[in-house]
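# Remarks on the overall topology
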Amino acid sequence: MQTTWKGTISFGLVSIPVHLYSATQEHDVPLHQVHARDGGRVRMKRYCEREEKEVPYAEIAKGYESPDGRTVTLTDEDLADLPLPSKKIIDVLAFVDAAEIDPLMFSKAYYVGVADQAAAKPYALLRDALTESGRIAVTKIALRTRESPAVLRVHDGTLVLQTCIWPDEVRSAAGIAPEEDIAVRPQELRMARSLMDTLSEGFDLSQLHDDYQQALQQVVEARIQGVEVPHEEEPGEAPDNVIDLMEALRSSLRQARGGHRGRAAEAPPDAEAAAGGPESEAAAPRKRAPAKKPAAGTRTAKEASVKGATAKSASVKSTTAKKTTTRKSAAPRKAS
């Protein structure tokens, strides 16, 4: 795994030399820009407006345009020499409960690994202290050209550094939610909770997959093979408003329960019936009725047939034995 950042975690007088590794990766179908008319590849060229010519990447720098129109050029050396302690040090500022950090602030995650064997003991100390306390560490770090707040937490026995956006970068939600006072009836709330429980039965987050990428791959394969591109069926029109909320909840609950039964089609019938509900009872297998005893005449005929077959077999055995005895007696005796 490629190292993203090298530096030191510092809390108090304890220092831990560490490396950061990207903890996530995005999977997608690689697409590039082409000319729609003929499929020719479209490439971006770095073009200098003043010299009216293309320039190589090595001559590219970053610039800032001031309000009065002047441009200030910043080289890679200028950005590398910024006076920031967080360029090489992850300084722990505080330890807080995880609930104190708004999830809206979370950004990219990195696994934290030790830089050498000497860092193993303080690494384990910080990891175990965070686990035991149930807290996360608030830090700051400079990655590439940006300084960000970050948190240190534990995931599967490994320290994870997760960058965050600054608090003032979170937009206000004022005016988005309904402002009028809406009364929710207790029975509606109970029905909603029942629907939540039903939808959550057997849910496994690791089984989620990217339907968009799968559909896109199907379209690409269809184009390559020159066959008709698959299309999505026209969805039904969604209702403009919910007139009867309780009926909508009941219908949702019935649909959710039906979906769970569909996913559990391969389960044993008795487990399906144990889920409860009239549908489950209907799906349960019925007990077989006891077989009727055959009539007396039928049983007597069958027994007679069996006895006849037995007697015939005994007769065959007796005849075979007699033939064998006769052959033995006809054999010549050895001379004494």
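To start, this report covers the structure provided alongside it. Remember, predicted model here, so these are calculated numbers, not experimental data.

Cut-offs and rules
Residues numbered from 1 in each chain as written. Predicted model: local features only at pLDDT ≥ 70, side-chain atom pairs only at ≥ 80, totals over all residues. Heavy atoms only, no water. Helix = DSSP H or I, 4+ residues; strand = E, 2+ residues; numbered from the N terminus. Contact = heavy atoms within 4.5 Å. Core = buried A, V, L, I, M, F, W, Y, C linked by side-chain atoms within 4.5 Å. Buried < 20%, exposed > 50% of the residue type's maximum accessible area, 1.4 Å probe, protein only. Expected span 1.5 Å × (residues − 1). Polar contact = N/O pair within 3.5 Å; in protein donor to acceptor, adjacent residues only side chain to side chain. Pairing = 2+ DSSP bridges. Axes fitted to C-alpha atoms, helices over the stretch in contact; angles between N-to-C directions. Phe/Tyr/Trp six-rings, centres within 6.5 Å; stacked < 30°, edge-to-face > 60°. Patch = residues over 30% accessible without salt bridge, like charges linked within 9 Å, V, L, I, M, F, W, Y side chains within 5 Å. Areas by Shrake-Rupley, 256 points an atom, 1.4 Å probe, with all protein chains shown as cover. Salt bridge = Lys/Arg side-chain N within 4 Å of Asp/Glu carboxyl O. Lys, Arg positive; Asp, Glu negative; His and termini not counted. Charge placed at Lys NZ, Arg CZ, Asp CG, Glu CD. Arc of directions from axis to C-beta.

Let us now look at the overall build of the protein. Each helix and strand in the protein was counted, giving eight helices and 12 strands. Nonlocal contacts in the protein, meaning residues at least 24 apart in sequence, comprise 58% of its contacts between residues at least 6 apart.

Core analysis: the biggest nonpolar cluster contains 21 residues, and Ile 9, Val 112, Leu 152 and Leu 161 have the highest contact counts within it. Among the elements of the structure, strand 1 (3–11), strand 2 (14–22), strand 9 (106–114), helix 2 (120–133), strand 10 (135–143), strand 11 (146–155) and strand 12 (158–164) are those that each provide at least two residues to this core. Counting seven residues, the second largest nonpolar core, distinct from the first, contains Val 96, Met 105, Val 138 and Cys 164.

Moving on: helix 4 (residues 211–225). The terminal C-alpha atoms of helix 4, which comprises 15 residues, lie 21 Å apart, in line with the 21 Å expected from a rise of 1.5 Å per residue. Among the residues of helix 4, Gln 213, Leu 216 and Ala 222 are the ones counted as buried. In this structure Asp 210 caps helix 4, since a side-chain oxygen of it lies 3.1 Å from the backbone nitrogen of Tyr 212. Just past helix 4, the residue Gly 226 takes up positive phi, approximately 70 degrees.

Our next topic: the environment of Leu 195. Structurally, the position occupied by Leu 195 is in helix 3 (residues 186–200). Measuring from C-alpha to C-alpha, the distance between Leu 195 and Ser 251 comes to 9.9 Å, with 56 residues separating the pair along the chain. With near-sequence residues (within four places) excluded, Leu 195 lies in contact with Leu 249, Ser 252, Leu 253 and Ala 256.

With that out of the way, let us pick up the sheet that holds strand 7 (residues 89–91). Pairing in this open sheet of eight strands is mixed, and the strands run 7-1-2-9-12-11-10-8 from one edge to the other. At either margin of the open sheet sits one strand with a lone partner, and together these are strand 7 and strand 8 (94–97). In this sheet, adjacent strand axes meet at a mean angle of 40 degrees when their direction is disregarded. Pairing of strand 10 with strand 11, which is carried by seven bridges, proceeds in the antiparallel orientation. Counterpart to Ile 141 in the pairing with strand 11 is Ser 148.

Within this structure, the stated rule accounts for one aromatic pair. Where Phe 11 meets Phe 95, the ring centres are 6.4 Å apart and the plane angle is 85 degrees; that geometry is what we call edge-to-face. With Phe 11 in strand 1 and Phe 95 in strand 8, the pair connects residues that are 84 residues apart, well separated along the chain. Taking the relative accessible area as the measure of exposure, Phe 95 reaches 32% and is therefore partly exposed.

Judged by side-chain charge, Asp 76, Glu 77, Asp 78 and Asp 81 come together as a negatively charged surface patch. With respect to the element layout, Asp 78 can be found in helix 1 (residues 76–80).

Our focus in this paragraph is helix 3. Along its 15 residues, helix 3 runs 21 Å from first to last C-alpha, staying within 8% of the 21 Å computed at 1.5 Å per residue. Those residues of helix 3 lying buried are Glu 188, Met 191, Leu 195 and Thr 198. Relative to the axis of helix 3, the buried residues are bounded by an arc of 85 degrees and lie together on one face. The exposed residues of helix 3 that point more than 90 degrees off its buried face are Pro 186, Leu 189 and Arg 190.

So, on to unusual backbone geometry. With the exception of glycine, the majority of residues adopt a negative phi angle, and the majority of peptide bonds are in the trans configuration. Phi is positive for Glu 52, which is not a glycine, with a value near 55 degrees. In this structure Glu 52 comes out as exposed when scored by relative accessible area, which is 60%. Residue Asp 156 is not a glycine yet carries a positive backbone phi of 50 degrees. Of note, Asp 156 is situated in the loop between strand 11 and strand 12.

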